[in-house]
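A structural walkthrough
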Amino acid sequence: MNNEPLGPDGLPGHDYFLDAVTHIDEAVASETIAISAARGLIYSVTETLGTMLGDPDLPSHLRSGYEGALELARELKAKLARQ
């Protein structure tokens, strides 16, 4: 798990979001979280990342990392929708 502080811009790095998505995916796989709770959490992650990516002042080096995290979250969201 990433324990680095927030960046100088006050935003968490994309690794925080990757860790969150991975944790939710693992919790679903081990059946330690309800599917409905996982769906809600993934919804929140995708909405947060979408908002962050919509910021025109977001530096490009952050944008690419957030886009990767958002894609992973969308894949888990689709997987959860099938369950």
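These lines cover the structure that appears in this document, whether it is placed above or below. In this text the structure is predicted, and so the values were computed from the model without any measurement. (Residues numbered from 1 in each chain as written. Predicted model: local features only at pLDDT ≥ 70, side-chain atom pairs only at ≥ 80, totals over all residues. Heavy atoms only, no water.)

1. Regarding the packing of aromatic side chains
Applying the stated criterion across every chain yields a total of one aromatic pair. Between F17 and Y66, the ring centres sit 5.9 Å apart and the planes meet at 90°, which makes this aromatic pair edge-to-face. One end of the pair, F17, is in helix α1 (residues 14-29); the other, Y66, is in helix α3 (residues 60-81), and 49 residues separate them in sequence. For the pair F17 and Y66, a shared accessibility class is recorded, and that class is buried. (Phe/Tyr/Trp six-rings, centres within 6.5 Å; stacked < 30°, edge-to-face > 60°. Helix = DSSP H or I, 4+ residues; strand = E, 2+ residues; numbered from the N terminus. Buried < 20%, exposed > 50% of the residue type's maximum accessible area, 1.4 Å probe, protein only.)

2. Re the nonpolar core
Residues F17, L49 and Y66 are the most contacted members of the largest nonpolar core, which totals 18 residues. Where this core is concerned, the elements lending two or more residues are α1, α2 (35-53) and α3. In terms of residues, this core owes the most to one element, α3, which gives seven residues. Other than its neighbours up to four places away in sequence, Y66 contacts L11, P12, G13, H14, F17, L49, M52, L53 and L58. (Core = buried A, V, L, I, M, F, W, Y, C linked by side-chain atoms within 4.5 Å. Contact = heavy atoms within 4.5 Å.)

3. Describing the side chain of T46
Locating T46 in the fold gives a position in helix α2. You can call T46 buried: its relative accessible area is 8%.

4. Section: the packing of α1 against α3
It is at 8 Å that the axes of α1 and α3 come closest, and there the two elements cross at 15°. One element, α1, and the other, α3, form an angle in the roughly parallel class. Along this stretch, α1 crosses α3, giving a crossing that reads as left-handed. Residue-level inspection shows H14, F17, L18, V21, I24, D25 and V28 of α1 in contact with α3, the latter providing G65, Y66, A69, L72, A73, L76, K79 and L80. Per-class residue counts for the contact of α1 with α3 are eleven nonpolar, two polar and two charged. (Axes fitted to C-alpha atoms, helices over the stretch in contact; angles between N-to-C directions. Parallel < 35°, antiparallel > 145°, perpendicular 65-115°, else oblique. Left-handed = near helix turned anticlockwise from the far one by under 90°. Nonpolar A, V, L, I, M, F, W, Y, C, P; charged D, E, K, R; others polar.)

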